[in-house]
Each structure stands twice: as structure tokens, then as C-alpha cells.
Amino acid sequence: MSPHAVGRRHVHRSVALGMPLAVLAAFVVAGTADATSGPVQPRVTHTATLGDLPLGTFSNTLLPGTVNDDRGVDLGGIGSDLYPAGRKGEFWTVTDRGPNGQIKVDGKKRRTFPVPGFDPAIVKIRVCGDSVKVLAAIPITTSSGKPVTGLSNQAGRDEAPYSYDAQTPLAYNPNGVDTEGIVRAKDGSFWLVDEYGPSLIHVSARGKVLTRYVPKGLGLTGTDYPVVEALPAILLHRKINRGLEGLAQLPDGELVMALQSPLSLPDGDAGDASRTTRLLRFSPKKRAVTAEYAYRFDPVNVVDPSEDDTSELKISSVVALGRDRLLVEERTDKAARLQTVRLTRDADILGGPWDSDTTSPSLEQLDDPASAGVPVLGKRLVVDLGTVAGVPGKIEGVARVDHDTLALINDNDFGMTDGTGAFDAQGRLVDSGVETSVTYVRLPRGI
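Every chain's residues receive numbers from 1 upward, in the order its sequence appears when written. Selection of residues for local features in this predicted model requires a pLDDT of at least 70, selection of side-chain atom pairs for listing and counting requires 80 or more, and totals for whole chains, interfaces and linings are taken over all residues. Excluding hydrogens and water, the side-chain values take into account all heavy atoms of the structure.

Caption draft 1: Expanded view of the pairing of strand E11 (residues 199-203). Partly exposed residues are those whose accessible area sits between 20% and 50% of the maximum for their type, while under 20% is buried and over 50% is exposed, using a 1.4 Å probe and protein chains only. Only DSSP runs of H or I covering at least 4 residues are called helices, and only runs of E covering at least 2 are called strands; the numbering of each starts at the N terminus. Where burial is concerned, most of E11 is hidden: 5 out of the 5 residues are buried. Residues of E11 alternate between two faces, with Ser199, Ile201 and Val203 on one and Leu200 and His202 on the opposite face, all of them buried. Two strands make a pair as long as DSSP finds a minimum of two bridges between them. As paired strands, strand E10 (residues 190-194) and E11 are joined by 5 bridges and run antiparallel to one another. Note on E11: the bridge partner recorded for Trp191 is His202.

Structure, rendered in C-alpha cells:
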């Protein structure tokens with residue numbers, strides 16, 4: 001196919017993926033209730049797994065000609081978030097930026113993009129018995145219908161992109177997004193959050209970026225869609241790969257975004273040692289942030305008894321439970337705990353001293369923010385997923401199914417691992433064997 005032909009076929013559209021059953025075949029995985037736990041304990045009631053679907057087939061069905069070589073990678077990475085799609089067992093999910101890893105070269109880590117033509121997509125799935133079936137997928141595109149890609153945006157701010165073996169530099173792309181959270185609005189459009197900016201992205205029902213909201217002062221130029229600097233400038237201090245991760249939609253249509261990790265204020269060491277991150281409330285009507293809240297992680301060895309590095313703490317998912325209540329997932333890659341919080345007016349810190357990067361000590365540096373007068377959100381533990389048999393690692397998406405049941409989805413990183421062993425001598429993926437799974441957990445009490 002000629003480059004001109006490829007360009008003519010870069011149209012944005014939602015495509016139902018009628019793949020053969022063999023392609024979307026499921027694999028039964030262990031995930032039953034722990035018989036010794038008794039009926040009063042949280043338990044896994046059902047697990048379903050996504051079968052093997054070549055990434056090139058998936059991508060080129062949506063946007064023909066975008067992936068020339070998928071290097072043996074299958075569709076994965078759809079576990080960035082999970083949002084109910086209306087019908088029983090159906091959910092909206094979103095991929096992250098695509099297969100990526102890290103390889104050390106001369107003692108420094110380089111970010112690799114083995115399939116640089118991959119375009120992040122919104123994926124609708126259905127849990128059918130022990131399998132996860134792809135019902136439809138919507139590529140995320142620019143105003144002119146081109147793929148946004150998942151490539152890094154800005155030199156000097158984002159990690160430099162490299163080929164699969166970390167030897168060849170790739171071009172930055174200001175349109176690129178590292179998508180994480182997803183919700184669907186009443187009008188059928190979608191809202192996503194992104195790690196690069198970090199940003200909040202409004203996407204049409206057909207996947208076209210309508211507006212990307214970024215921090216004031218970011219100076220992102222050259223995009224093929226509108227960019228509005230509407231988020232607090234303090235977010236410019238986000239850690240690399242730890243931007244906005246969780247996204248919830250309140251009953252009135254307002255949004256709540258969660259920073260994955262504490263800001264690097266005043267520097268990276270302070271951010272790595274901190275247990276205080278931030279939630280932000282956004283009004284689509286006002287196109288503005290209307291409130292900000294301080295969220296305090298539990299100690300890392302409480303969240304994950306096998307971990308002693310505080311910098312491994314992250315928020316990956318937030319779920320609306322009512323007008324002002326949220327379910328918040330705090331996790332490491334191996335364990336997670338779900339907490340409920342209430343967003344109260346007296347906890348709002350927007351526009352105060354903690355939004356200035358000249359405040360010393362910073363919010364992130366405070367050992368006990370509450371004793372320093374910061375209105376930290378109160379929280380209540382709902383479930384420690386690390387103690388529930390059958391829950392996989394790296395849960396990034398949580399959805400409420402009913403009053404006592406949650407659906408969880410893991411991020412399998414497209415089967416990739418870091419290091420030089422991620423690909424064989426022929427440049428084909430050495431798959432990690434981790435599958436994408438949807439896991440249902442029943443709680444002894446309603447949420």
C-alpha cells in the first residue's frame with residue numbers, strides 16, 4: 001500500500017471487531033472463592049480472560065496501515081480503567097499508550113516503543129463465561145482523523161522515545177497521549193485522563209479529540225486538536241509516568257481526577273518519599289477545576305507487606321459512589337486496597353498555598369499534613385484486595401457492578417517486560433504470560 005493510500009484510509013470510526021472465535025478464545029483461569037474464608041469474607045466469584053488477538057490485526061482493522069510489524073505482540077494493556085457500559089457484563093475500557101518498556105544503555109534507562117504506530121483506543125468488552133470478548137473499538141484521533149499515537153510529547157519534559165531495542169531514537173509527537181482513566185458522558189462522548197501533560201481529554205463518541213485540558217504554563221504546541229491550559233500549574237511537577245491516572249464521573253456530570261503519585265515538590269526525592277497526592281474536581285460546564293483535595297496514602301508496608309519503597313504507592317482508579325463519595329484504589333504493582341472518601345467543601349485546598357511551588361515546606365514534604373492544618377480527606381477501608389485469593393496483580397481498573405460486587409481489570413502491559421530480554425534475537429516478543437483478566441469480587445457488606 002502506498003503512503004498516499006494509507007493517508008486516505010486514516011479515518012476515525014468505531015469498528016465492531018468480528019474476529020474468529022479462535023482469535024478471541026478464552027482461557028479458564030483460577031479465580032474461585034477461597035473455601036476457607038467463609039461467607040463473610042470478600043471473595044472472587046468469577047474470572048474471565050482476554051484471548052490472543054494480534055496487535056497488528058487489531059490496529060489495522062481500526063486504522064489501516066498504522067502497524068507494519070507488531071513484533072508478535074497481542075492486544076493487551078486495556079486494563080487502564082473499567083467503566084460500566086449499561087448492559088450486564090459489558091464495560092468500556094481504554095488502552096494505555098501501547099507496548100513500551102525500559103532498557104538501560106550506558107547506565108541510563110531508555111523508554112522503548114516497540115510498536116510506535118499503535119494508536120490508543122477505547123475498547124468495549126463483554127464478559128462471556130470465562131472469556132472476555134471485544135465488542136467494538138474506537139481509535140483516538142486528531143481533528144483531521146489521524147492517529148494521536150502514544151508517543152512522548154515534549155523533549156526535555158517527557159522521556160525520549162526509542163525503538164524496541166533502545167538503539168534508534170523516534171520522533172516526539174505532541175498529539176501523543178498516555179491514556180489511563182475513562183468515563184462516558186450522557187451525550188455519548190468520553191472523558192479520559194493522560195499521564196504526559198498531565199491532561200484531561202474530551203473525546204467524541206467516535207474517538208476524535210475535542211479538547212485536551214493541560215496545566216497552565218505547559219506550552220504544548222503543534223497539536224492537531226484544541227489544547228486549553230485550564231489545570232493548576234502545580235501539576236507541571238508531576239513525576240514522569242505518574243500523571244493523572246484515575247477518573248470518576250459524579251451524578252451531576254462533574255469529574256474527579258486523581259494524580260497517580262505525589263508531585264515532585266520541591267524535587268524528585270521529596271516526591272518519592274511523600275504519601276500525599278491530590279484529587280481534582282472539574283466542571284465540564286465551566287471548563288475549569290472547581291476543587292482540589294489532599295489524599296493521604298497508607299504506609300507502603302500496610303498496602304503491600306512485601307514492599308518498603310514508598311515511591312511504589314499509586315492511585316489507579318477512582319469510582320463515584322454518589323454525589324460526593326468516591327471509591328479510591330491505592331496500590332503497588334502487587335497489592336491494592338480500596339478506600340471510600342467523602343469530598344467536602346471544607347477539604348478544598350484549590351488556590352491556596354499548596355498550589356504554589358514556592359511554598360516551603362511543600363504539601364508533599366509534610367510528614368503529617370493534618371497536624372499542619374491541611375484538611376486531608378478522611379477515608380474508610382472497604383477491602384484489602386491483597387488478601388483476597390484469585391485477584392491478580394496490577395489492578396488498574398475498578399467498576400461497581402451492584403451494591404456488593406466489584407469488577408476489576410488488570411494491566412498486563414501487552415505481555416511486555418523491561419530489559420534486553422523482552423524480545424528475542426529476531427525482534428519478536430518474549431511474552432510474559434500475564435493475561436488481561438476481568439475479576440468479580442463480592443464484598444460481605446455493600447459499598
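Following the structure, the description resumes.
Caption draft 2: Structural detail: the sheet that holds strand E3 (residues 90-94). Pairing within the open sheet is mixed, and its 8 strands lie in the order E2-E3-E6-E7-E1-E24-E23-E22. Strands with a single pairing partner mark the edges of an open sheet, and in this sheet they are strand E2 (82-84) and strand E22 (395-402). This sheet shows a mean twist of 30 degrees between the axes of neighbouring strands, independent of strand direction. With 6 bridges connecting them, strand E1 (residues 43-50) and strand E24 (residues 437-442) associate as antiparallel partners. Bridge pairing in E24 places His46 opposite Tyr440. Whenever a helix is involved, its axis is fitted only over the stretch in contact; in every case the axis is a line through C-alpha atoms, and angles between N-to-C directions fall within 0 to 180 degrees.

Caption draft 3: Local environment of helix H2 (residues 55-62). Buried within H2 are the following residues: Leu55, Gly56, Phe58, Ser59 and Leu62. On an axial view of H2, the arc spanned by its buried residues comes to 165 degrees, and they lie on one face. Buried residues in H2 make contact with strand E6 (121-128) and strand E7 (131-139). The arc in question is the one spanned by the directions pointing from the helix axis to the C-beta atoms. Residues are treated as being in contact if the distance between any of their heavy atoms lies within 4.5 Å.

Caption draft 4: Region of interest: the pattern of salt bridges. Salt bridges, as used here, are contacts in which a Lys or Arg side-chain nitrogen is within 4 Å of a carboxyl oxygen on Asp or Glu. For the coordinates displayed, the defined rule picks out 26 salt bridges. Across the pair Arg428 and Asp69 runs a salt bridge, and its minimum N-O distance is 2.9 Å. Note that Arg428 is positioned in the loop between strand E23 (405-410) and E24 and Asp69 in the loop between H2 and E2, a separation of 359 residues in sequence. By relative accessible area, Arg428 is classed as partly exposed at 32%. The partner of Arg337 in a salt bridge is Asp298, with the nearest N and O atoms 3.1 Å apart. Of the two residues, Arg337 sits in strand E20 (residues 336-342) while Asp298 sits in the loop between strand E17 (288-296) and helix H4 (300-303), which places them 39 residues apart along the sequence. When salt bridges that share partners are traced, they join Asp298, Glu330, Arg337, Lys379 and Asp384 into one network.

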